[in-house]
Amino acid sequence: MTDFDTEISKHDGFSISEQGNLLFEECSLEELAKIYGTPCYIYSENIIRKSSREYIRAFEKCNIDYEVLYAGKAFLVQALAHILKEECLSLDASSGGEIYMALAGGFPAEKIHFHGNNKSEEELVFAIENNVGTIIIDNFHELNLVDRITHRLNKKVNIMVRTIPGVDTHTHEKIRTGQVDSKFGIPIDDFLDSFPGIIAKEHLIYQGIHCHIGSQLFDMQFYHLAIKEMVETMKHIEEKYKVKTNILNLGGGLGARYTRKDLSLSISDYVFELVGKVKEICRENRLAVPKILVEPGRSIIAEAGITLYRIGAIKEIKGLRKYLIVDGGMADNPRPSLYDAQYEALIVNKFNNKPVENVTVAGKYCESGDILIQNICLPQAENGDLMVFFTTGAYHYAMSSNYNGVPRPPVVLVNNGEHGLIVKGETYQYLNQNQVFPEWLAHK
Ligand SMILES: Cc1ncc(COP(=O)(O)O)c(C=O)c1O
């Protein structure tokens, strides 16, 4: 086994053909690049299904009532909604648009939970008219808005309340959400004080409480702290107001492996720890174990996705740095510039060559900060080489933009040697399609 074989075996879905080509789910990366062009996002159907099933199987073993909600913000398109439905997952949607895409993909409305810290009236009406399963109330303005809409439409809706458990995780500050000073959710004390007003709303059916403490987490200590806060809040409600909280939603957050430096925690171990802790704290508080919900995004989809780029210009600043400049960058992957996110990558057509030089992989966009990998050791690169970036399935396409007027790349699904588009690449015409001239300008 070569160094490369051992290296690539760490990445799920990869193999090498008899002819020595690098394959992802039995599809040659060179072939995919020729057919779909670069940059190109590629997703493994098999990995999506495998991680979804790992969540379901782990919960099944715990012998409790549960629901696994895939967090659509990580990546959502109609084809994915279809796969998730087949895998019996529910959906955490964070906008009217995500609800729309899921419904169009045949996803059952009653399994959609609607999130967001400033849902508009239009979005709420759309969700309620389409009978989404649950609305997660983020703040008091929204509570009153949902109350007014449900009165007007004469409809009842299930609600959960997003609370701030006051847990400060050590993840990047831009993906931390459970700390006291947060724009998401209601502080627990305020929630408890206003509880009678919440359950008095005639059209709102109180189901439970929610928290999400952050993302890219591997340390279960933070979840333990959040679970303690949440279970004690449920206990408080039961004692003070004689109301049972049936559902506890602990949000998402389990991390993905971007580089070998990242820690790792399997989906099953995460679920067992989480459920074990809820059971333990419920026992201590003499509370019945509630239905447990989780909202994984990254841990289901991140490692199912890769991105292909072609190297164009190569620049050497003598004595300082060599830049390999690829045909994508911050518009298809804003995470390095947003969060200093780190990646591993390979040159596909030289995957067996020895890494010989330290280089910086830069994007093509007009920002000095558009650097995809600051420092990576690769074989001697040339113009036209194909690069693959690993673990690009979460918060990449979903956060992409048309910065610099560049059309978004296509998204391709692969499985067992088959491949097909799930999102077409955008075109120049697409960039213009919503642009119009105001009348006074058109007549000049
Ligand atoms: C409320 C909520 N649930 C779930 C998630 C998904 O988190 P992750 O992708 O880290 O699992 C997020 C991410 O920001 C979130 O805000």
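Quick caveat, the model's predicted, so the values are computed rather than measured. Counting restarts for each chain, with residues numbered from 1 along the sequence as it is written. Side-chain atom pairs in this predicted model are given and counted only at pLDDT of 80 or more, local residue features only at pLDDT of at least 70, and totals for whole chains, interfaces and linings cover all residues.

Q: Can you tell me about the overall build of the protein chain, naming the residues and giving the values?
A: Each helix is a run of DSSP H or I of at least 4 residues and each strand a run of E of at least 2, with the numbering of both proceeding from the N terminus. Assigned secondary structure in the protein chain consists of 14 helices and 21 strands. Radius of gyration here is computed from C-alpha atoms only, and the compact-globule reference equals 2.2 Å multiplied by the residue count raised to the power 0.38. Rg of the C-alpha trace for the protein chain: 24 Å, near the compact-globule value of 22 Å for 444 residues, within the 12% margin. Labels follow a simple rule on C-beta atoms placed from the backbone: if 20 or more others lie within 10 Å of a residue's own, it is buried; if 12 or fewer, it is exposed; otherwise it is partly exposed. Within the span of the protein chain, comprising 444 residues, buried residues form 44% of the whole.

Q: Please provide a residue-by-residue account of helix H6 (residues 121-129), values included.
A: Among the residues making up H6, those that are buried are Glu123, Leu124, Ala127 and Ile128. Looking straight down H6, one finds its buried side chains confined to an arc of 125°; they lie on one side. The outward face of H6, more than 90 degrees from its buried face, is lined by the exposed residues Glu121, Glu122 and Glu129. By the criterion used throughout, residues are in contact when their C-beta atoms, derived from the backbone, lie within 7 Å. Elements in contact with the buried residues of H6: helix H5 (96-104), strand S7 (112-114), strand S8 (134-137), helix H7 (140-153) and strand S9 (157-164). In this description, the arc belongs to the directions extending from the helix axis to the C-beta atoms.

Q: Describe the sheet that holds strand S1 (residues 14-16), naming the residues involved and giving the relevant values.
A: Spatially, the three strands line up as an open sheet ordered S1-S2-S3, and their pairing is antiparallel. The open sheet has two free edges, formed respectively by S1 and strand S3 (27-28), since each of these has just one partner strand. DSSP calls a pair of strands paired once it identifies at least 2 bridges connecting them.

Q: Would you mind going over the environment of Asp340 in detail, with residue names and values included?
A: Examined against the element boundaries, Asp340 turns out to sit in the loop between helix H12 (335-339) and strand S16 (345-347). Sequence separation between Asp340 and Ile373 is 33 residues; the distance between their C-alpha atoms is 9.4 Å.

Q: Requested: an account of the nonpolar core, with residues and values cited.
A: Judged by nonpolar contacts, the single largest core of 118 residues is most densely connected at Ile42, Leu250, Met387 and Val388. Looking at which element gives the most residues to this core, the answer is helix H9 (residues 220-241), with eight residues. Two domains each put at least three residues into this core: domain 1 (3-44 + 303-432) and domain 2 (45-300). Beyond its immediate stretch of four places on either side in the chain, Met387 contacts Tyr309, Ile311, Val326, Ala345, Leu346, Ile347 and Val348. Buried Ala, Val, Leu, Ile, Met, Phe, Trp, Tyr and Cys residues form a nonpolar core when they are connected through C-beta atoms within 7 Å. Delimitation of the domains relies on an automatic or database domain assignment.

Q: For the pairing of strand S6 (residues 90-93), give the residues involved together with the corresponding values.
A: On S6, burial covers both faces: Ser90 and Asp92 on one face and Leu91 and Ala93 on the other are all buried. Looking at chain direction, strand S5 (residues 66-71) and S6 are connected through three bridges and run parallel. Its bridge partner being in S6, Leu69 is matched across the sheet by Ser90. Whether a crossover is right-handed depends on one test, that the path from the first strand over the helix to the second runs clockwise when the strands point away from the viewer. You can see the chain leave S5, run along helix H4 (residues 78-86) and come back into S6, and the turn it takes is right-handed. Once you follow S6 into H5 and on to S7, the crossover reads as right-handed.

Q: Pulling in residues and values, what's your account of the domain arrangement of the protein chain?
A: Entries for the protein chain in the domain assignment read domain 1 (3-44 + 303-432) and domain 2 (45-300). Relative to domain 2, the C-alpha centre of domain 1 lies at a distance of 32 Å. Tallying the contact residues gives 24 residues for domain 1 and 19 residues for domain 2. For the side of domain 1 that touches domain 2, the elements supplying multiple residues, two or more each, are strand S4 (40-44), H12, strand S20 (411-415) and strand S21 (418-423). Element by element, the count of residues in the side of domain 1 that touches domain 2 is highest for S20, at three residues. Only Asp, Glu, Lys and Arg are considered charged in this grouping, and only Ala, Val, Leu, Ile, Met, Phe, Trp, Tyr, Cys and Pro are considered nonpolar; every other residue, Gly among them, is considered polar. Of the residues that constitute the side of domain 1 that touches domain 2, the class distribution is 14 nonpolar, six polar and four charged.

Q: Describe the packing of H6 against H7, and please don't skip the residues or the numbers.
A: Interaxial angles span 0 to 180 degrees and are taken between N-to-C directions of axes, which are lines fitted to C-alpha atoms, for helices over the stretch in contact. Their axes nearest at 10 Å, the elements H6 and H7 cross at an angle of 50°. Here H6 is positioned oblique relative to H7, judged by the angle of their axes. The handedness of the crossing between H6 and H7 is right-handed. In this structure, H6 uses Glu121, Leu124, Val125, Ile128 and Glu129 to contact H7, whose residues at the interface are Leu145, Val146, Ile149, Thr150 and Leu153. When grouped by side-chain class, the residues that make up the contact of H6 with H7 number seven nonpolar, one polar and two charged. By the definition adopted for this analysis, an angle is roughly parallel if under 35 degrees, roughly antiparallel if over 145, roughly perpendicular if from 65 to 115, and oblique otherwise. If you view the pair so one helix is near and one far, a crossing is left-handed when the near helix is turned anticlockwise from the far one by less than a right angle, and right-handed when it is turned clockwise.

Q: An account of unusual backbone geometry is requested, with residue identities and associated values reported.
A: Excluding glycine, a negative phi dihedral is what most residues carry, and trans is how most peptide bonds are arranged. Omega for the peptide link from Thr38 to Pro39 comes to -10°, which places this bond in the cis form. Tracing the chain through its elements places Pro39 in the loop between helix H2 (29-36) and S4. Its identity is not glycine, yet Asn404 carries a phi of approximately 65°, on the positive side. What makes Asn404 partly exposed here is the crowd of 14 C-beta atoms within 10 Å.

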